[in-house]
Structure formats: structure tokens, C-alpha cells
Amino acid sequence: MNKNKDILKTKLFDGLKEDFTKFSLQLGEREIRISAFVNNTLKNLVKDEKISLKDFEKIIEAGNFEKKGTLIKNYYSQENLEVYYLINNDQIFLFSFGEFQPARFIMYIEGAWYL
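Residues numbered from 1 in each chain as written. Predicted model: local features only at pLDDT ≥ 70, side-chain atom pairs only at ≥ 80, totals over all residues. Heavy atoms only, no water.

## Points about the nonpolar core
For step 1, the next point in the chain: If you look at the biggest cluster of nonpolar residues, it comprises 18 residues, and the most contacted ones within it are Phe37, Phe95 and Met107.
For step 2, the next point in the chain: The set of elements that each furnish at least two residues to this core consists of β3 (24-27), β7 (82-88), β8 (91-101) and β9 (104-114).
For step 3, the next point in the chain: Here this core takes four residues from β9, the largest share from any one element.
For step 4, the next point in the chain: Here methionine 107 is in contact with Thr10, Lys11, Leu12, Phe13, Phe20, Phe23, Leu25, Ile34, Phe37, Phe95, Ser96 and Phe97, once residues within four sequence places are set aside.
For step 5, the next point in the chain: Counting residues in each nonpolar core, the second largest holds 13 residues, with Ile51, Phe65, Val83 and Leu94 among its members. (Core = buried A, V, L, I, M, F, W, Y, C linked by side-chain atoms within 4.5 Å. Buried < 20%, exposed > 50% of the residue type's maximum accessible area, 1.4 Å probe, protein only. Helix = DSSP H or I, 4+ residues; strand = E, 2+ residues; numbered from the N terminus. Contact = heavy atoms within 4.5 Å.)

Next up, the structure:
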């Protein structure tokens, strides 16, 4: 599995919750809404998509993601935002998002990997 070097970490959204729920982004020809991957937490990538543990660990290390949480452990970005994935056009796209401050949501694309 190789990293797509053309897709760098970029802030995609920074604003109010009301606007965040309406936000969409373009991936190639496809318009993507957050609802397309909100249930795809990074911790489930190996189980749900049959990605090898070796490739998964490579993604975690390259993204400098940290596994934390008390009851349910998830992976978080350097900005302390939970990381999610979306598979589109034979690539795994990684996004981090969440409430950054009260009523202020923020979202990044963390990168992409070729399957």
C-alpha cells in the first residue's frame, strides 16, 4: 500500500455546526457528504475492509495518529480530532473532524492511500 503524495493534510472546514451538517466535498467527480463516512472510524479499517495489519500500522505511523479513549478507544489526529476513512476510486481517504470549540466544528483531510 502506497501513500498518495498529491493529497496533503488540508483544512476543509472551519465553522458552525449548522453549516458543518450541510458541508460536502468533491472527490474526483463525486460529491461526498460527511454522512458517507461518519460511521467509518479508523479503528474499524482492518475489520471492515480487510486491510492487512501491516498496512494499517503503516497508515497510523505515517499519520502520527494516537489511539486513546477510556471505554471505546479510537484514533485521533494531532489536533485531537477523531479519524475516519472513506474508500473511493481504489483509495482510502482519511478525514479528521469534530467539535474543536463549543459550536465550532473543524475538518481536515489527513491524506490518502492507494489500495
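## What to know about the side chain of glutamate 110
For step 1, the next point in the chain: Locating glutamate 110 in the fold gives a position in strand β9.
For step 2, the next point in the chain: Looking at glutamate 110, its side chain comes within polar contact range of the side chain of lysine 9, at 3.4 Å.
For step 3, the next point in the chain: Those residues within four positions of glutamate 110 in sequence are excluded, and the remaining contacts are Lys3, Lys9, Phe65, Ser77, Glu79, Leu94, Phe95 and Ser96. (Polar contact = N/O pair within 3.5 Å; in protein donor to acceptor, adjacent residues only side chain to side chain.)

## Digging into the packing of aromatic side chains
For step 1, the next point in the chain: Using the criterion set out here, one finds eight aromatic pairs in the structure.
For step 2, the next point in the chain: On the basis of an interplanar angle of 20 degrees and a centroid distance of 5.2 Å, the ring pair of phenylalanine 20 and phenylalanine 105 is categorised as stacked. Taken as a pair, phenylalanine 20 in helix α1 (residues 17-20) and phenylalanine 105 in strand β9 lie far apart in primary sequence, 85 residues in all.
For step 3, the next point in the chain: Judged by relative accessible area, phenylalanine 105 falls into the buried class, the value being 14%.
For step 4, the next point in the chain: Summarising the aromatic geometry, the rings of phenylalanine 37 and phenylalanine 95 are spaced 4.5 Å apart at their centres and angled 15 degrees between planes, so their arrangement reads as stacked. Here phenylalanine 95 lies in strand β8 and phenylalanine 37 lies in the loop between β4 (30-33) and α2 (45-49), a separation of 58 residues in the sequence.
For step 5, the next point in the chain: Members of the aromatic cluster, joined through ring pairs, are Phe13, Phe20, Phe23, Phe37, Tyr84, Phe95, Phe97 and Phe105.
For step 6, the next point in the chain: Residue placement shows lysine 9 over the ring face of tyrosine 108; its charged tip is 5.0 Å from the ring centre.
For step 7, the next point in the chain: Looking at lysine 68, its charged tip hangs above the ring of tyrosine 76, at a distance of 5.5 Å from the centre. (Phe/Tyr/Trp six-rings, centres within 6.5 Å; stacked < 30°, edge-to-face > 60°. Lys NZ or Arg CZ within 6 Å of the ring centre and 35° of its normal.)

## Regarding the pairing of β8
For step 1, the next point in the chain: Of all 11 residues making up β8, eight are buried, and the element is well covered by its neighbours.
For step 2, the next point in the chain: In this sheet, β8 lies alongside β7 in antiparallel orientation, the contact comprising seven bridges. Each bridged residue has a counterpart across the sheet, and for glutamate 82 the counterpart in β8 is phenylalanine 97.
For step 3, the next point in the chain: Between the antiparallel neighbours β7 and β8 lie two residues, among them asparagine 89 with a positive phi of about 50 degrees.
For step 4, the next point in the chain: As paired elements, β8 and β9 share 10 bridges and run antiparallel to each other. Bridge pairing in β9 places isoleucine 92 opposite tryptophan 113. (Pairing = 2+ DSSP bridges.)

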